[in-house]
Amino acid sequence: MKLGIVGMPNVGKSTLFNALTKAGAQSANYPFCTIEPNIGVVSVPDERLEVLGKMYSTQKITPATIEFVDIAGLVKGASQGEGLGNKFLSHIREVDAILHVVRCFKNPNIIHVDGDIDPRRDIETINYELVLSDIESLTKQIGRIEKAARAGDKQAKAQLEVYNKMLEHLKQGLPVRSLKLSDDEKKLTKDAFLLTSKPTLYVANVSIEQISKDDSYTTVVAEIAKNEGAEYLPICADVETELSELAGEELEEYKREFGISELGLTRLIKASYKLLGLISYLTAGEKEVRAWTIKRGTKAPAAAGVIHSDFERGFIKAEVVSYPILVECGGYNQAKEAGKVRMEGKDYVVQDGDVMLFRFNV
């Protein structure tokens, strides 16, 4: 699953992408430095894997991963093809969630395409272009659904009602993600594929002086995110780029010196994983300790199928113990002796941090 890093030109998208992926994407002080999207696969930090690795004296630790896509900056008129608008919109359609980077730092040496720093204006510019694109797309879809509704299709009639509700919301300049829909209504919209319905995390790119305090810029971003039902996270892309080059004791010393328990990039990656609706279950042994990625709400057979399709087809039972209990007991055998390992069937919904062993027929 992919997260698209979007925003106005020169807000720090590529800088943040490089810090996340260490991919060395071009980053420069002029608009449209990024033309074709840069793609990088990033490991999801998970402290549980190191603990299990030591417990099992494992040979290999394999974390979960997610994919970040650095997309070209968007400007006014993108929905009509201005700048790299058409490319921007086509690339954003291909991602599952959005990291919307908003410039909240002042730096006279880095130009802003609109002349000054204004987070609200920048957010509204991008959302407006996405809204216009969604209005065009939804209007075409409604035209097709109306034909089926007139022919007496009950499903189409129900869908048409929800689609018209979304269209009216969009015409007010509001993203679909801020529209309150019931669970049944949401099911009817799954084939709409609207840009403004994608889960969104607003990333306020701040200066080092802004990291530990809120100001008028970051407050605006946090407020907009809250009103939309989106997520929010402040981060200093420049500092995180420097920290991404440190490792081991040097990094730990820096964290101790500045009283940092968790790096901004770590928080961002974890927040991105959650934004995608993903969780990890774990498998552990001497050969490998591994985090397996599944959607929240996945049942045991489908979770087993992530390892191998044969596991899902021949699923019998799953042996399950939660990570905290496993650690408390000191190992899998000890947890089993204490009666803490459960046998779960086909209807079991896997939880984040479940340590699992599957039984199946070949």
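As the structure is a prediction and not an experimental result, all values here were calculated from the model.

1. Focus on the pattern of salt bridges
- Taken as a whole and assessed by the stated rule, the structure comprises 18 salt bridges.
- With a closest N to O distance of 3.1 Å, Lys 270 and Glu 47 form a salt bridge. One end of the pair, Lys 270, is in helix 10 (residues 264–275); the other, Glu 47, is in helix 2 (residues 47–56), with 223 residues separating them in the sequence.
- Among the charged side chains, a salt-bridge network with shared partners connects Asp 46, Arg 48 and Asp 352.

2. Digging into the pairing of strand 1 (residues 2–6)
- Counting buried positions along strand 1 yields 4 of 5 residues, so the element is predominantly enclosed.
- Examined bridge by bridge, strand 1 and strand 4 (residues 65–70) share 4 bridges and lie parallel to one another. The residue bridging Ile 5 from the neighbouring strand is Asp 70, located in strand 4.

3. Let's talk about the sheet that holds strand 7 (residues 231–235)
- Read from one edge to the other, the open sheet built from 6 strands follows the order 2-4-1-5-6-7, with strand pairing classed as mixed. Only two strands of the sheet have a single partner each, and these edge strands are strand 2 (38–43) and strand 7. Neighbour-to-neighbour, the strand axes of the sheet open up by a mean angle of 25°, direction not taken into account.
- In terms of strand pairing, strand 6 (residues 200–205) meets strand 7 through 5 bridges, oriented parallel. Note that in strand 7 the partner of Val 203 across the bridge is Leu 233.
- The strands touched by helix 1 (residues 13–21) are strand 1, strand 2, strand 4, strand 5 (97–103), strand 6 and strand 7; relative to strand 2, the strand with the most contacts, the crossing angle is about 40°.
- Packed onto the sheet, helix 7 (residues 216–228) meets strand 5, strand 6 and strand 7 and runs at close to 175° relative to strand 6.

4. Considerations on helix 7
- Look at helix 7: 19 Å from first C-alpha to last across 13 residues, which is about the 18 Å you get at 1.5 Å a residue.
- What helix 7 keeps buried is the set Tyr 217, Thr 218, Val 220, Val 221, Ile 224, Ala 225 and Glu 228. Angular distribution of buried residues about the axis of helix 7 spans 155°; they occupy a single face of the element. Across from the buried face of helix 7, at angles greater than 90 degrees, the exposed residues are Ser 216, Lys 226 and Asn 227.
- Elements that come into contact with the buried residues of helix 7 comprise strand 5, helix 4 (119–150), strand 6 and strand 7.
- Where helix 7 begins, one side-chain oxygen reaches toward the backbone nitrogen of Tyr 217, 3.0 Å away; that side chain belongs to Asp 215.

What counts and what doesn't
Residues numbered from 1 in each chain as written. Predicted model: local features only at pLDDT ≥ 70, side-chain atom pairs only at ≥ 80, totals over all residues. Heavy atoms only, no water. Salt bridge = Lys/Arg side-chain N within 4 Å of Asp/Glu carboxyl O. Helix = DSSP H or I, 4+ residues; strand = E, 2+ residues; numbered from the N terminus. Buried < 20%, exposed > 50% of the residue type's maximum accessible area, 1.4 Å probe, protein only. Pairing = 2+ DSSP bridges. Axes fitted to C-alpha atoms, helices over the stretch in contact; angles between N-to-C directions. Contact = heavy atoms within 4.5 Å. Expected span 1.5 Å × (residues − 1). Arc of directions from axis to C-beta. Polar contact = N/O pair within 3.5 Å; in protein donor to acceptor, adjacent residues only side chain to side chain.

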